[in-house]
Every structure is written in C-alpha cells, then in structure tokens.
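# Summary of the model geometry
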Amino acid sequence: MPHANFVHLHLHTEYSFLDGACRIDDLVEAASRYKLPALAITDHGNMCGCIEFYKKLMHAAIKPIIGQEVYLAPQSRFDRKGKEAYYHLVLLVRNEKGYKNLVKLSTIAYKEGFYYKPRIDKEVLKEYSDGLIGMSACIRGEISYHLLRGDYDKAKKALLEYLAIFGKENFYLELMRLGLKENEIVNGGLLTLSEELGVPCVATNDCHYINKDDSESHDILLCLQTGKDIDDESRMRFESNELYLRSPEEMKQLFSDHPEAIKNTLEVADRCNLDFHLDEVKVQLPHYNVPEGFSSSDEYLEKLAKEGLKAKYTHIDEKIEERFNHELDVIKKRGLSGYFLIITDLVNFARESGIPVGPGRGSAVGSLVLYSLGVTEIDPLKYGLVFERFLNPERAAMPDVDIDFSDTRRDEVISYIKRKYGEENVSQIITFGTMAARAVVRDVGRVLKIALPEVDRIAKAIPFGVSLKEAQEIPEFRNIINEKEEYKKLISLAMRLEGITRHASVHAAGMVVAPHEITEFVPLYRMP
C-alpha cells in the first residue's frame, strides 16, 4: 500500500493532561485514513501514553515514534525563579539508547527540576542526549523565543548549543504555519539560521486535537486546566484553530514553498527505529538474597515449602507429594523461585507486624506451594482447586498473586518494600482518571457558566455506567436536553471530551519492584 509522503512529528495526545485532546484510538484511525507511514507522540513533560501509543500503532502497521516535548530551564533545573521559567524542546527517540535516555531525562525533570512544570536543563541534556533527535519546538522554544524578540544572535547561540549537544545531524528546526503572526516572524528567522548553519527544517503542526472542528472542545479543556470560565478574557487560550492533525495533502500545500521541510519529516521518521520487543516476555525480577548455607533461591524455596507442607498436613500421601513436587518443578523451570520467596517475605512481614492479611483469592489459591508457604490459607486439595489455572507451564504469562493487606496499615508494607529492595528500585504505580459522562457534563457546564442546578439536573439524568451517546436514547434525558439550545451545546461538547484522560494519580496498592534502579526500565512521574 502506498504511503503518504509526510509524517507528523509534533503531536499531543490526551496524556498531555487537559491540553492534548487526541485520543490514541482516534489517532490510529485518522493516521490509517491518511496512510501515514509513521506518527510521533510528543506529550508535554511525560511519557505516560508511550506504550499504549506504540502498541496500537504497531497493530495498525504504522511506525510509532516515541518522544516528548520537554520543559527546559533557561539556566539550571534547580533554579526556582519566575512563574514561566522554561522553554519547550521536542525530543524524539532514535533507538533503544535514546529511549533509555529519554526515560532518565523525564524522571530527572520530576525529581530534580519540578517548578510549576517538570524541567530539565542543558547540563543533563548533554549527559543523556545520545540516541535522541532534538527539534526546536513551537514559539515557546528557546530559539523561537529569541527570534520573536528580534535577537538573532541569541537565537543563533542557542542553536549552536543544541548542535553541540545533539550533533549537527540530530537537530531540526520546526516550521509551523498555524495562522499566528508569530509563526511567520519565527519562520523567517529559522530559515535564515537554516541557510547560514546548514541545519535542516521540518514542517510540523503542533497537533493538539484531531479535527479542525475539535478546537472549541479543546478550548474547554484549557479552561478546565486553568480553572477559568469560557468568557474570561484574561485566561490562557490558543489564538488559532489550526492545531489539528492536518492531512498530508494540507501540509504539502501549506509548505509548497518549502518542500524540503515536508521531505525531511520522512527522513526523521526513517531514522527513528525503536523496537520494544513486546512480543517477547522478559521478566525482570528483583534479586532475593537467600540465607547463608543455601546455594540458590530454588533450594531455599524448596526447604521453606517442605517445612510448610509438613505443618499443614499430618499425613503426606503420594497424591499430595506428587502434586507438591509437580508445582515446585514448574516454578523452578520458569525461574520463579525468587518471585515466590519475595511474596512469602511480604506476607510474613505483615503477619509478624500484626497487619491483617487476606486468606488469598483468585487463581493463586490453587497453588499447594503457596498454601504450604502460608501465603494463602485455603487448602487447594480440599476444594479441588487446579494449579494450572494459576501457573501453566504452557503459558508464558507471569502468575498473579493477589494479596490483601489492611487499608489502614498498607503504608507500612510499602515502606518495608522500599527498605528491603532500595528506594531507587521501587515505585508505586500510576493510574489515570478519565472524564466519565456525569463528570464531563458537570465540567463543561461549569466552563460554559450554565447554572449549577441546571447542570446538576442534566448530570443526574444520566444513569451510572452509561455513556452520553447511550443516554441520548433515554426519553427523559433527551427531553431535558431539548429544552434549551445551550443544553444541546453542552452535550455536544461533552461528548467530544468524554473518556479523555483528565489527570494522573497514585495507585493505592500497586507497586513495581525492579532488580536495580527502576529508571533503567520505566520513567517516573511525580504528582504536582
């Protein structure tokens, strides 16, 4: 199938919280319709959507380009001066080394540079630039900032610094035509810099929503982000409705006088080749230190499990022994002895500390070994529970052991895990709140300044668990909406935003424990 001769390299998904309005499923559909060979994700200051984006584009046979629009401190990331003390800079991943470096930069931005926004600086950018392509970003980029102020020399100096950091072949100047007068000022300066220093340009559209007519609903998002009403003249707003996923034909026409900027997007896409190898299961388990006298985790697990088995059963017949040995054999062959020891250690800590622990649930109660270790308290033999539902030698998936600790003392278990395996190796899991039907109606109603009792009446007419589309099939709801034109507008805008990711939060109990520093595997996010 012939592909389009253009790639969008600057794009914000819904994970640019309350700023990007591009749902990833809708992006995939649009990219397929436009026959894009590749597509980039460059969310503001985080990598939350990268894996979902990667998986869904790969499934659609479109090359995913992983990136981020980072916030760059003008001087040091440790400075805490001025409310908007940052520039924008787009980073794209070329290879696995680049991905690992972007993970490091993204984490440092939260852990060390957070001041209104998660920020890096040129010091850490130099250290972790390998495998990355840099792009000059929007009018909030450093180079553009100086050009807008008529300071060509400072813009040139900034560009030379970026070339020194990334290498001349790994930096591109972004040309944008979004209907803003600032774009034309910046573009003129960028083209001059490009000619003087031989730095290539790329055409981008700073996509924040998919269709042009999504600009109004995107404006609602910005109001939610800033806590403002739609008619507040002092609020942040985009002075353009052109920040959508333009078709390749539109982009080529828009930059018909600079065809090289279109062609260069394909060059960048060709150079970005990250493979997560998600089809290969690579389990990265933390190391469990066995006591002296034991040569391996297999040996120590067997010793603990056998002791527990004897304590559970007064008479161990051939049937019990055969089942026990079979489970141990599967566990050892799968290299999961350390995993079982870690779980046992957690449960033992909780019980020894007087923290209530559940008896076990899910498929894990089918394991005789876990029962012998005291992780579960339900006899799988008595109730005819099957081990293979929990751990099947024919299936590569990791076994899932659900453990319930007391809500009121869960933090003690989390602290123990951090002490045991190291603060740098442990993190809680992120979760995302989305804009459900009732909530999005209330949000949009507030921004539109519709009276609270009226919005409340509309929201309460939506049954729990029902989408806005489904709600419109309910006569009572439909009758309310038809009462006023502003109600129709409210629902129309709310439907465009329903289901979009609104914010990130911390999972109450989920933890990730890595064999060494966790940023070798995943980026970290810190709540503002």
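The structure this text deals with has already been given above.
All of these numbers come straight from a predicted model, not from anything done at the bench.

Rules of the game
- In every chain, residue numbers begin from 1 and rise along the written sequence.
- With the structure being a predicted model, the display of local features is reserved for residues of pLDDT at least 70 and the display and counting of side-chain atom pairs for 80 or more, all residues being used for whole-chain, interface and lining totals.
- With hydrogens and water set aside, each side-chain value is computed from the structure's full complement of heavy atoms.
- Counting from the N terminus, the helices are DSSP H or I runs at least four residues long and the strands are E runs at least two residues long.
- Buried residues are those whose accessible area, probed at 1.4 Å on protein chains only, stays under 20% of the maximum for their type, while exposed residues exceed 50% and partly exposed ones sit between those limits.
- Should any heavy atoms of two residues lie within 4.5 Å, those residues are considered in contact.
- The length a helix should cover is 1.5 Å for every residue beyond the first.
- Only buried residues count toward a nonpolar core, which is a set of Ala, Val, Leu, Ile, Met, Phe, Trp, Tyr and Cys residues joined through side-chain atoms within 4.5 Å.

If you tally the helices and strands in the protein chain, you get 20 helices and 9 strands. Projected onto its principal axes, the C-alpha positions of the protein chain cover 85 × 65 × 50 Å. Across the 528 residues that make up the protein chain, the buried fraction comes to 51%. Across the protein chain, every contact between residues at least 6 apart in sequence was considered, and the portion connecting residues at least 24 apart equals 76%.

Taking 1.5 Å of rise per residue, 16 residues should cover 22 Å, and helix α13 (residues 337-352) covers 22 Å from first to last C-alpha, within 8% of that figure. Burial of α13 is extensive: 13 of the 16 residues sit out of reach of the surface. Of the residues flanking the end of α13, it is glycine 354, one or two places downstream, whose phi is positive at about 75 degrees.

This next bit is on the nonpolar core. If you look at the biggest cluster of nonpolar residues, it comprises 68 residues, and the most contacted ones within it are Ile66, Ile143 and Phe171. Here this core gets 7 residues from one element, more than from any other, and that element is helix α6 (residues 152-166). Among all residues touching phenylalanine 171, those that are not within four sequence positions of it are Leu89, Gly134, Met135, Ser136, Ile143, Leu159, Tyr162, Leu163, Phe166, Val199 and Pro200. Residues Leu309, Leu328, Phe340 and Leu370 belong to the second largest nonpolar core, which totals 42 residues.

Notably, leucine 18 is not glycine yet its phi reads approximately 55 degrees, a positive angle. The residue leucine 18 is located in the segment before α1 (24-33) in this model. The phi angle at lysine 449 is positive, at roughly 65 degrees, despite the residue not being glycine.

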